[in-house]
Structure formats: structure tokens, C-alpha cells
Amino acid sequence: MAASLARRAASTLWRNHLCMRSSNFGVHRTSVYLPIQKRLCSTEDIPLFPGSKSSYTSKLNMMRPDEDGIAVYRIMDKSGDIINKDEFPNDLQQSEIVHMYRNMVLLSTMDKIMYDSQRQGRISFYMTNYGEEATHFGSAAALDAGDLAFGQYREAGVLLYRGFTLDDFMNQCYANVLDAGKGKQMPVHYGSRNLNFVTISSPLATQMPQASGAAYALKRRGDGKCVICYFGDGAASEGDAHAAFNFAATLSAPIIFFCRNNGYAISTPTSEQYKGDGIASRGAGYGMVSVRVDGNDIFAVYVATKEARRIALEENKPVLVEAMTYRVGHHSTSDDWSAYRSADEVSHWDQIDHPIIRLRLYLQKQGLWNDELESQLKKDCRKDVMNAMKKAEKIQKPNLYEIFTDVYDDMPQILKDQQRQLEEHLHNYKNEYPVDRFQS
Amino acid sequence: MLSVRNIAVKLNTWRPLLSCVRNASSFVFQPEDASSVGLQGAETNKLNLFQSLTNAMDIAMGSDPSAVIFGEDVAFGGVFRCTLGLADKYGKDRVFNTPLCEQGIAGFGIGLAAAGATAIAEIQFADYIFPAFDQIVNEAAKYRYRSGNLFDCGKLTIRTPCGAVGHGALYHSQSPEAYFAHTPGLKVVIPRSPIQAKGLLLSCIRDPNPAIFLEPKVLYRSAVEEVPVEDYEIPLSKAEVIIKGSDITLVGWGTQVHILKEVANMVKEKLGASCEVIDLRTILPWDYETVVESVKKTGRLVVSHEAPVTSGFGAEIASTIQEQCFLSLESPIQRVCGLDTPFPHIFEPFYIPDKWRCFDAVKKTLEF
């Protein structure tokens, strides 16, 4: 009895002590969110659990998710008309918009030719970006060249915007001696240190917590750069996505998480990927600022990314941007979408709600584009891509002993031994191997 | 000479929860001195294993402003006190807790390192490293190779307590080195003592390759040495012959090195034979040249590790040595390891490769 009295007295003393330290001694009003000191001092009966922000309720409320989803932000409609002129990004010069349009068509042309080249056996694999060009160019244009970009595999337009050349793309796809990646990876696994684009890897979503860590490092460096991390609707289901969001939020990392929600993860539609309201709705659960945009409206993507960048850097926090779009093409050259979706469905996104078509309509209505320019552009793009492809095709593969380089910063003894063994083997069985394709 | 069992008896009488001695399977930790790392006469401090690690991290943090330490519970000092005082000294932006998510810790660390910061990650127990396996094996190990050296995460070090502790059972006792040894691009390092740990950890942190640093937890408090105060490194991928001998080679790492040292004494006393004891120190890339040289001299090899025998790292050693020392071998190579079971609780004394099993293997090998 005495012990319990003593305990209660002690806890009252402790509570009073904390209350007296607070500048709001004797607060009577209950607020939905009070800092811990104020909550402890309040004479109201409010939840005091660690991290409590809310009040008690005596009415059981089993919360069912909202029927209405988060609205999709857009500036330009499907016919290329600007809906709300106040939202239009006037900092984008007309010449810049035309330049972006030209590059979106170039990307689409490169995709067509490279896809066909795989079919012809000239490269081993390819992934197209059809229908998602605005997510690339709109976001890339809103960033600083020094912002570090992590991608998944369907962001070639970001690289193109930043200055990756047709030769760069081709050399990687052909894995020749000029490939900056030294022929180590499958096609479309691009990377560029100069352009601040981290080399792509096949496992999905692994780049996401890495992006959070990189953003933390950039924050500590303090030179005003952020990170953008691209990922898809399918990748967002991986545990790494959850880890990335939680770490970025708790550790206050300046990062834009950019989700390309294109409706499919290979054959799996989003209706089988998640039950909630897409990816944007998850942001709140992590305490993240979130927005959903029309990913086929290049201006909306630009404006949202720009604002996301501002918030990320000024407030040192992650921002989640979900860009709704549609994957018009196959997942890759190993896929055939006719096995799981209808041509009717695809044609809506290929012919009507397509980012290149919508931007062209806008430009035409502004008097900045016409059929003649379009036809000339298509010819020029085709010529440039074909030339780059033929050039890359003729270039030799890297020295075959590059197989042993870059496992570590320098070569350990075991690899020196293995290299010697391979040299001996090739000396004895030279004719059985395609040695001549490789630079000697 | 410190007897771990004596310490356990003292601890058990008044703080039973802190006993981390492996009772029936106890071993004696014999401290070495600064001359073991070529620093005879250097100023030293009496430090146990976790303190020597704190010291190493303190030096790393002090000499490298980009360095950060992170993981579960590291801010208050860590569940094994390895990071005690570092958050106060270097600030909460440099020594900080992460959410409870190993794949996040590893991924976050890779990103930090790729962006140019020295990342010292802690995984609370090696038993919990598996959610991070994909990030470590598919990403960290391959970052430099797959990018043609455009990017790398060499500034990443992952520290984690491993090994038997007497009562750890399935999930507080594992030695996962074999899983990672199978992954080119990683470095896997394990110290036997405080003096070794400080030098090896500093090497791992500064080595331009992602490294996993396994810390034998049973040694955290019980292994005490006079550790040189200065900043020193011990080279990676160099095994150490800690006892020279002529009749048989014994190879181990971490805690097991101390069992093998005792076995060497037992063999000298009871069998009159001389054992050469090698501490591998780096599991990947491993220093096979030192072991080859030794076995060419002795003609006999016993490898011992706590991890289960099948596909444990002993298998790699045995295979390489039989290939390179075939004509020198006088007897089959023996592996004395954990049983092919999950790590049991009450049965630990029968599971681990204790000194009697090792002694018996040596005896059989000598008598072959």
C-alpha cells in the first residue's frame, strides 16, 4: 500500500517536473496535436502513448478506405489545350518545349529500330519506352543536371534529355569496346557518371533504398542537389520500396520518388498488384508529401516534379510523385502483350491519350509545329538512329580479359590465376571461341 | 592469462544475464600484445573487443568527415556497446538509428557509399542479415563490375556480430561467412581479438570494396588486450601463421582460432606433435598461398569452423588444398565443424567444434 502510494506520488512529481519545464504550465485545452510536454501537462485525458498525436474516441470506427481516389493533376487535356493557364509553366521556353518534343520522337524512333534489331538477331534484348516519354522528359527538365538519378529500366528519355548520345545508347546495346559499362550487362542497362545517372540493374526496386542513402549523403554534402528515384507500379510492391520510403522519411532525405504507374508489370495489371489507391496513397502512411499526376501530360509532370524538388530541398524531405501513364509496348522483346490484353485497349493509349500526340497537338495549336516539320523530323530521326546503329554494329567487342576487371578495385590473386588459365585454354582451343570479335 | 571460465563464474554469481561464456565448451582467450602487429613499445589501452571496435570507428569518424554509422539502436551505443559515445561525439546526423529493416540498412548504405560517403552499417545480429542478402549480393558486390567502374560502393562496410555465445540458439549464433564467400566482389573479414579487430576494421572501412566485418560476439567482453592507441591497419587477404609447426596445419578464424591454439598445446602434450595454426582473417578473397605453403610443409590439414560442415567455407579450403597440394598430402583433409543442423539451444556443447573434436581429428590425421 505504501509502495503504491509512493509510486503514484513519484509519478505525479515526475509529471509536475516536466510540466514546470514546459512553457505552457497548466494547459487546459486539448489539441489534436500537441508536443509531448504539452500533452503531459494537459488536464484533458488525451492519449500519451509515444508518438501520440490524436485524441480518444468512444465510438468504434472501422475505417474503410476512401472510395474516391486521389485526383490526377493535369494542365493540358488530351487535345493539347491548356485547361488552366495559371498552372502553365511559363518558365519553359517555347524553343525548349519544341526541343523536348523532337527528342521524344527521337526516343520513340530509336525504340522502334532497336526493337526490330533484336528481332533480327542484331542485339540480344531490348525494352521500349512507348507511351511514357512525357514522364522522362517532363521530370528530367525539372531537375538540375547535378541531381543524382536512379532508374529502373524504362527511363531512357531521362538519359537522352541529359545528353546521352545515340552512340552511347547503341554502344551499350551492342556491348562493344566503346560501351562505358564495358560490355558487362544486357542491353538497356545504361549508366553515366557524367550525366549523374546511376547504372541500371535488373533486380527491381533495389535502387530505391540506395537512392534514399544517396540523398542523405547529398544532404550532408550541402551543395543543394537532390536525388530522383524512378520505379514502376510493380516495383512498388517490393520490400525495398517500403524500406526506401521509410528511411527517406525518418532520416529526412531530399529525394523525389517518381513512380511510373503504367498499368502493368509484364502481364500483371495493377488490379492484381495492389488493392489500395495506387502508390500515391501510400505516401501518407510514411509521412511523405505526395501527388498524383497525368504522366502523359508533359507540363503536369514538369510542374509537379519542379515543386517536388523544391520541397525536397527546402524542407529536406522525400516527396512521392505518382505519374499515371500506360505502357503501350511489350514489357520487353521477351514479351508479347497480345497474350494478356486487347488491341482495343492499347490503341486508346497509342492513338489518343499518348504524350507525343498530345504535345504535338499543343505545338500545332501554338503554331510551333506542322505536318512538314513532323515528316522531316521522322526522316531525320530514322537516319540518325540507323547511322548510329550501323556504326555501333561494326565496332569490336571489348578486350575479352575485361571479364576479370572491376570485380574489385584491383585484381586479387585468384583472378590473376584464372586469367592465366583462360589464356592457356584459349591458346589450345582458340577455334572453338569467338575470339576475333573481341579487341585484342 | 585470462580464463574465460573464471570470468563466467564471477559474473554468474551476481549478474547471470551477462554471462556470455560457452560453459561446457569453454575456451581460453590468450591476449597478444602490440608486437603481434609490429607495434612493440607503442602506447596502448586495455580494451575488450567491443571497445577496440569503438576505438576503430572513433578513428575512422575523426579522420573522415564523410563517415557515418547507422543501424538499429546504434545511437545509444548499440546492443553490444560497440558505438558507445560516438553519437555524442560526432552528432546525430553522423551516428543515427535506422528503422528496423535490414534490407533498408544495406540498401541505404550502398547508396551512401555510391554517393561518396563512408558508410559504416551495423546489422544487429548476423542471423538477421538475410533480408539484406539481395542488396549485398546482387547490388553491393556487383556495383563496380556491372557499371564498368562508373560507380562503386567501396566505401560501404557492414559490421555484424556472429558466432556461438553459449545460449544463442538458432538466431543469435550463426556464422554466415560461407554464403557471402560465394559472391565475388565482396570482402569478408573476421578478427580473432581486439588488437586484430581494430586493425582489420580500419582496413575494411578504408578498403575501396564493400566489406562484411563479422565480429565474434562471445569475445566482445571476454577478450581483453593492451590495444595500441594509434591508427593502424592490418592488411586484408593475408592469413597469419600464429603458431609455427611442422606436423600438421590447423586453419580457423574468429573464436575458433583460440580453440585451435589450445588444441595445438594438447597435441604437443599428449601426442608430441607440432601444429601450425593459421588464422585466415579474410574469408574472401582468401589467402590460399599461405595455407598452400603451410600444407606443402606439413602434409596434413584440419580446417575448423562453427558453421555447418556441408558447404561451409572449410569445403572451399579443402578443395583448393587437395588440388594444389595433392602430392604433399599424407592424409585426407579433415573438417571439424558445426553439425548439419540449425544451431540448437540446449545442445550447443555437442553441436560446436570443441577442442576434443578438433583434437580427435588431429589425432586421426596424424595416425592415418
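Rules of the game
Residues numbered from 1 in each chain as written. Chains lettered and ligands numbered in written order. Predicted model: local features only at pLDDT ≥ 70, side-chain atom pairs only at ≥ 80, totals over all residues. Heavy atoms only, no water. Helix = DSSP H or I, 4+ residues; strand = E, 2+ residues; numbered from the N terminus. Buried < 20%, exposed > 50% of the residue type's maximum accessible area, 1.4 Å probe, protein only. Contact = heavy atoms within 4.5 Å. Areas by Shrake-Rupley, 256 points an atom, 1.4 Å probe, with all protein chains shown as cover. Lys, Arg positive; Asp, Glu negative; His and termini not counted. Charge placed at Lys NZ, Arg CZ, Asp CG, Glu CD. Rg over C-alpha atoms; globule rule 2.2 N^0.38 Å. Core = buried A, V, L, I, M, F, W, Y, C linked by side-chain atoms within 4.5 Å. Polar contact = N/O pair within 3.5 Å; in protein donor to acceptor, adjacent residues only side chain to side chain. Disulfide = S-S within 2.5 Å. Expected span 1.5 Å × (residues − 1). Pairing = 2+ DSSP bridges. Axes fitted to C-alpha atoms, helices over the stretch in contact; angles between N-to-C directions. Buried area = accessible area lost by both parts, 1.4 Å probe. Salt bridge = Lys/Arg side-chain N within 4 Å of Asp/Glu carboxyl O.

Visitor: With reference to specific residues and values, describe the overall build of chain A.
Guide: The number of helices and strands found in chain A is 14 helices and seven strands. By principal-axis analysis of the C-alpha atoms, chain A measures approximately 95 × 65 × 45 Å. Going through the 440 residues of chain A one by one, you find that 49% of them count as buried. When contacts within chain A are restricted to residue pairs at least 6 apart in sequence, long-range pairs at least 24 apart make up 70% of them. Summed over all atoms, the accessible surface of chain A reaches about 21500 Å², with 51% contributed by carbon and sulfur. Placing the 51 positive and 54 negative side-chain charges of chain A at their respective mean positions leaves the two points 5 Å apart.

Visitor: Break down the overall build of chain B for me, with residues and values.
Guide: When helices and strands are counted, chain B shows 14 helices and 14 strands. Against the compact-globule benchmark of 21 Å for 368 residues, chain B has a radius of gyration of 20 Å, which places it among compact chains. Taking the principal axes of its C-alpha atoms as reference, chain B extends roughly 60 × 55 × 45 Å. Counting only residues that meet the buried cut, chain B has 62% of its 368 residues in that class. Here the analysis covers contacts within chain B between residues at least 6 apart in sequence; of these, 82% occur between residues at least 24 apart. Just so you have it, chain B exposes about 13500 Å², and 55% of that area is on carbon and sulfur atoms.

Visitor: Which residues make up the nonpolar core, and what values go with them?
Guide: Ranked by size, the top nonpolar core spans 93 residues in total, and within it Phe 231 and Phe 257 of chain A together with Leu 280, Ile 317 and Ile 321 of chain B carry the most contacts. In terms of nonpolar packing, the next biggest core, distinct from the first, is built from 74 residues, Met 100, Ile 256, Ala 300 and Val 321 of chain A among them.

Visitor: Break down the environment of Asp 152 of chain B for me, with residues and values.
Guide: Residue and element names in this part refer to chain B. Positionally, Asp 152 belongs in the loop between helix 6 (143–146) and strand 5 (156–162). Expressed as a C-alpha distance, the spacing of Asp 152 and Ala 140, which sit 12 residues apart in the sequence, is 7.9 Å. Polar contacts involving the side chain of Asp 152 include one to the main-chain amide nitrogen of Gly 154, which spans 2.8 Å.

Visitor: Just give me the short version of the state of the cysteines, but keep the residues and values in it.
Guide: For the structure on display, the rule yields zero disulfides over all chains. Cys 275 of chain B forms no disulfide, and the closest cysteine sulfur to it belongs to Cys 358 of chain B, at a distance of 11 Å.

Visitor: Help me get a handle on helix 10 (residues 256–271) of chain B, residues and values and all.
Guide: Residue and element names in this part refer to chain B. The first and last C-alpha atoms of helix 10 sit 21 Å apart over 16 residues, in line with the 22 Å expected at 1.5 Å per residue. Within the span of helix 10, buried status applies to Gln 256, Val 257, His 258, Ile 259, Leu 260, Lys 261, Glu 262, Val 263, Ala 264, Met 266 and Val 267. Those residues of helix 10 that are buried lie in contact with helix 9 (219–222), strand 9 (240–243), strand 10 (248–252), strand 11 (275–279), strand 13 (301–308) and helix 14 (355–367). Two residues or fewer after helix 10 comes Gly 272, characterised by a positive phi angle close to 65°.

Visitor: Could you give an account of the pairing of strand 7 (residues 211–216) of chain B, with specific residues and numbers?
Guide: Residues and elements named next belong to chain B. Most of strand 7 is tucked away: six of the six residues are buried. Because side chains alternate across strand 7, one face comprises the buried residues Ala 211, Phe 213 and Glu 215, and the other comprises Ile 212, Leu 214 and Pro 216, equally buried. As paired elements, strand 5 and strand 7 share six bridges and run parallel to each other. Across the sheet, the residue bridging to Thr 157 is Ala 211, located in strand 7. Summarising the sheet, strand 6 (residues 187–189) and strand 7 pair through three bridges and their orientation is parallel. Paired with Val 189 across the two strands is Phe 213, which belongs to strand 7.

Visitor: Give me the lowdown on the sheet that holds strand 6 of chain B, citing residues and values where you can.
Guide: Residues and elements named next belong to chain B. Spatial ordering of the open sheet is given by 3-2-4-5-7-6-12, a layout of seven strands whose pairing is mixed. For this open sheet the edge positions go to strand 3 (95–97) and strand 12 (282–284), each flanked by a neighbour on one side alone. Within the sheet, the average angular offset between the axes of one strand and its neighbour, ignoring direction, is 20°. The sheet contact formed by strand 2 (residues 68–71) and strand 3 spans three bridges and is parallel. Directly across from Ile 69, in strand 3, lies its bridge partner Val 95. Lying over the sheet, helix 4 (residues 102–114) contacts strand 2, strand 3, strand 4 (119–122) and strand 5, oriented at roughly 165° with respect to strand 2. Lying on the sheet, helix 8 (residues 194–206) is in contact with strand 4, strand 5, strand 6 and strand 7; it crosses strand 7 at an angle near 160°.

Visitor: Before we move on, can you summarise the interface of chain B and chain A with the specific residues and values?
Guide: With 47 residues of chain B at the interface, the matching set in chain A holds 41 residues. Note on chain B versus chain A: buried area summed over both sides is about 3600 Å², and carbon and sulfur give 60% of it. Among the residues chain B hides against chain A, the three largest losses belong to Phe 108, Tyr 145 and Phe 151 of chain B. Together they make up 19% of the total. Measuring nitrogen to oxygen at the nearest pair gives 3.1 Å for the salt bridge that ties Arg 220 of chain A to Asp 93 of chain B.

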